[in-house]
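Letter by letter, the chains look like this.
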Amino acid sequence: MKAGKTEQRSLNASDKSSSRKTRSMQFDYDLFVIGAGSGGVRAARVSSSMGAKVAIAEESRYGGTCVIRGCVPKKLMVYASQYSEMFEDARGYGWSVGEPSFDWGALKTARDAEIDRLEGVYGRILEGANVTRYNQHARLLDGHTVELRDGTQIRAKTILISTGGRPVKPPFKGVENTIVSDDIFHLESQPKSLICVGGGYIALEFAGIFHGLGTHVTVSNRSTVLRGYDDDVREHLIEALTAKGIDLRLGVNPVEIAEKDGMKHVIYDDGSVVIAEAVLMATGRSPYVDGLGLEDAGVSLSDGGAIAVDEFSRTNVPSIYAIGDVTDRVQLTPVAIREGMAFAETVFNDNPTRPDHDLIATAVFTQPEIGTIGMTEAQAREGHDVDIYRSVFRPMINVLAGREEKMLMKIIVDKASDKVLGVHIVGHHSGEMIQCAAIAVKMGATKKDFDRTMAVHPTSAEELVTMRDPVSGAT
Ligand code: NDP
């Protein structure tokens, strides 16, 4: 379904107050948001600033997956885990470092306090934006009515669903003996050994975290790691993780996870068995639509179980929209936020806006870190004659440290137009670097634009503007 400008139920600045009076006779709110994660909170706040009367319902904690049990606490744990290598490397720079020790409880307390603080910030943002908060589950009764857990029924002209996603566990025998990423943040003690099942973002990020904190880590996946990423990136990462001592088992899948004497025994389909204190299932996330009453409101789902929306995030029910992971377009926080802002522009600012899902840069906080934007080499070769620029080098910081780990930088260029189709970085701060490179790529930069940019020296990032010759073998 395509929503044109005239179809949008929008508030013009001139008719906001009069239309609100009319509407308020029919509706309690102009907008009711279900789910106060990154996308929902942004949509609520921005819609309110555009003159809408807004309420939001949240059954758990304000901030959603990213703030409470995802990106933020994860990144704090990444920082914590990086110190073990820093203590080792410091010796190469002349420091005498005693035997470092790590206190899981101390990190948990500090991390949880920061998450509590951020949750408070989210609450205050909503309060400051005059958004009414209902701290309970909400479900749809029809296209304009929601029912709260306590039975209160509320009518809204527009309803926005932003309930996010939930980890999924495949139906392996004994899967109840495993944990998911949400559970990591509640562990009272650090497991001495951990098996991460899955080769995606979550398995690999937690593998790096736990390895850095001193846990013995095994990663297994039925295929490879980071399927869909550039082959050089994946190979570089596999090599680096293996060199660090992470036990990587690719091409195997569990058939059973048994519990014996407090330990988990993962039996794989090749007959091998790995025993660990904990098993993390990091096998993807699915849209969280349970108990939302979508059937009652007549909201359609896609084949994959996500809420189906058009390019303006509108469902098949004209008064109901959905954004973020529950729509399973691109499962990333900044994408949900952009979708929320585009929704507010469309519905409450008379400015139909499609969220732009093209050329999204992303970072994977593995150790080493990955930053990537645009096409992989394989994707680019499908429709383009390409030049590949690749540099693998030992960053300066690793030299005195005696660390062999190398960085990878790769630029994929369309030969005909000289346009940069993709940039892929593995190594220190690549998440930070790719954010800057992404601006250039999004603007349509050519390789010549990269080349005429003066290097910032001495940095690792300068390699991005100093790669002169395509690698041999490129077409
Ligand atoms: P991903 O989709 O990234 O990876 C899932 C992994 O589990 C894949 O390796 C997949 O293997 C494997 N898998 C899937 N289903 C099964 C199954 N039935 N049996 C065995 N293995 C299976 O999911 P994650 O859980 O790692 O992350 C979820 C989402 O969260 C990501 O898509 C990402 O967008 C987001 N995220 C982003 C982060 C970031 O931006 N840094 C950090 C964390 C999460 P195969 O490849 O063979 O399909």
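1. A look at the packing of aromatic side chains
A complete count under the given rule lists 10 aromatic pairs for this structure. On the numbers, 6.4 Å between centres and 80 degrees between planes, the contact of tyrosine 29 with tyrosine 134 is edge-to-face. Of this pair, tyrosine 29 sits in strand β1 (residues 29-34) while tyrosine 134 is found in strand β3 (residues 132-134), placing the two residues 105 residues apart along the sequence. For the pair formed by tyrosine 29 and tyrosine 134, the shared burial category is buried. Residues tyrosine 321 and phenylalanine 343 carry aromatic rings whose centres are separated by 5.1 Å and whose planes lie at 65 degrees to one another, so their mutual orientation is edge-to-face. Separated by 22 residues along the polypeptide, tyrosine 321 in strand β16 (residues 320-322) and phenylalanine 343 in helix α10 (residues 333-348) bring together distant segments of the chain. A relative accessible area of 1% places tyrosine 321 in the buried class. Every member of this aromatic cluster is reached through a ring pair, and the members are Trp104, Phe185, Phe206 and Phe210. Here arginine 133 stacks its cationic end above the ring of tyrosine 62, 5.3 Å away from the centre of that ring. If you follow lysine 447 out to its NZ or CZ, it ends over the ring of tyrosine 389, 4.2 Å from the centre.

2. Some details on the nonpolar core
Nonpolar side chains tend to gather and get buried jointly when the protein is soluble and globular. Residues Cys196, Phe210, Val219, Leu280 and Ile370 are the most contacted members of the largest nonpolar core, which totals 37 residues. Sorting the residues of this core by element identifies α4 (71-92), α5 (104-128), β8 (193-197), α7 (201-213), β9 (216-221), α8 (231-244), β14 (278-281) and β17 (362-364) as the ones contributing at least two each. Counting residues per element, this core draws most heavily on α7, at 7 residues. Excluding anything up to four places from it in sequence, isoleucine 370 contacts Leu226, Tyr229, Val233, Leu237, Thr362, Ala363, Val364, Ile425, Val426 and Ser430.

3. Observations concerning the packing of helix α2 (residues 38-49) against α10
One can describe the packing of α2 onto α10 by two numbers: an axis separation of 8 Å at closest approach and a directional angle of 30 degrees. Considering the angle they form, α2 stands roughly parallel to α10. Pair α2 / α10 crosses with right-handed handedness. Counting all contacts with α2, which are made through Ser38, Gly39, Arg42, Ala43, Val46 and Ser47, the residues of α10 involved are Thr333, Ala336, Ile337, Gly340, Met341, Phe343, Ala344 and Phe348. Classifying every residue of the contact of α2 with α10 gives 8 nonpolar, 5 polar and 1 charged.

4. Side note on the side chain of serine 48
Note on placement: serine 48 falls in helix α2. Take serine 48: its relative accessible area is 14%, and that puts it in the buried class. Among the polar contacts made by the side chain of serine 48, one reaches the main-chain carbonyl oxygen of alanine 129 at a distance of 2.5 Å. Look past the residues within four positions of serine 48 in its chain and what remains in contact with it is Val54, Ala129, Asn130 and Val131.

5. Some words on a nonpolar patch on the surface
A contiguous nonpolar patch, built from Tyr93, Trp95, Ile397, Val399 and Leu400 and spanning about 550 Å² of accessible area, is present on the exposed surface. Within the secondary structure, valine 399 sits in helix α12 (residues 396-401).

6. Digging into the site of the ligand
Close to the ligand lie 23 residues; Gly199, Ile202, Ser223, Arg227 and Gln331 are nearest. At 2.8 Å, a backbone N or O of glycine 199 approaches an oxygen atom of the ligand. The dominant element in the shell around the ligand, judged by the number of residues it contributes, is α7, at 3 residues. Class assignment of the residues belonging to the shell around the ligand gives a composition of 8 nonpolar, 10 polar and 5 charged.

7. Some thoughts on α5
Since the α-helix advances by 3.6 residues per turn, residues separated by three or four positions end up pointing in the same direction. Along its 25 residues, α5 runs 36 Å from first to last C-alpha, staying within 8% of the 36 Å computed at 1.5 Å per residue. Restricting attention to buried positions, one finds in α5 the residues Trp104, Leu107, Lys108, Arg111, Ile115, Leu118, Glu119, Tyr122, Gly123 and Leu126. Put simply, aspartate 103 is the residue that caps the front of α5, since its side-chain oxygen is 3.0 Å from the backbone nitrogen of glycine 105. Asparagine 130 occupies a position one or two residues after α5 and carries a positive phi of about 60 degrees.

Rules of the game
- Residues numbered from 1 in each chain as written.
- Predicted model: local features only at pLDDT ≥ 70, side-chain atom pairs only at ≥ 80, totals over all residues.
- Heavy atoms only, no water.
- Phe/Tyr/Trp six-rings, centres within 6.5 Å; stacked < 30°, edge-to-face > 60°.
- Helix = DSSP H or I, 4+ residues; strand = E, 2+ residues; numbered from the N terminus.
- Buried < 20%, exposed > 50% of the residue type's maximum accessible area, 1.4 Å probe, protein only.
- Lys NZ or Arg CZ within 6 Å of the ring centre and 35° of its normal.
- Core = buried A, V, L, I, M, F, W, Y, C linked by side-chain atoms within 4.5 Å.
- Contact = heavy atoms within 4.5 Å.
- Axes fitted to C-alpha atoms, helices over the stretch in contact; angles between N-to-C directions.
- Parallel < 35°, antiparallel > 145°, perpendicular 65-115°, else oblique.
- Left-handed = near helix turned anticlockwise from the far one by under 90°.
- Nonpolar A, V, L, I, M, F, W, Y, C, P; charged D, E, K, R; others polar.
- Polar contact = N/O pair within 3.5 Å; in protein donor to acceptor, adjacent residues only side chain to side chain.
- Patch = residues over 30% accessible without salt bridge, like charges linked within 9 Å, V, L, I, M, F, W, Y side chains within 5 Å.
- Areas by Shrake-Rupley, 256 points an atom, 1.4 Å probe, with all protein chains shown as cover.
- Salt bridge = Lys/Arg side-chain N within 4 Å of Asp/Glu carboxyl O.
- Near = heavy atom within 4 Å.
- Expected span 1.5 Å × (residues − 1).

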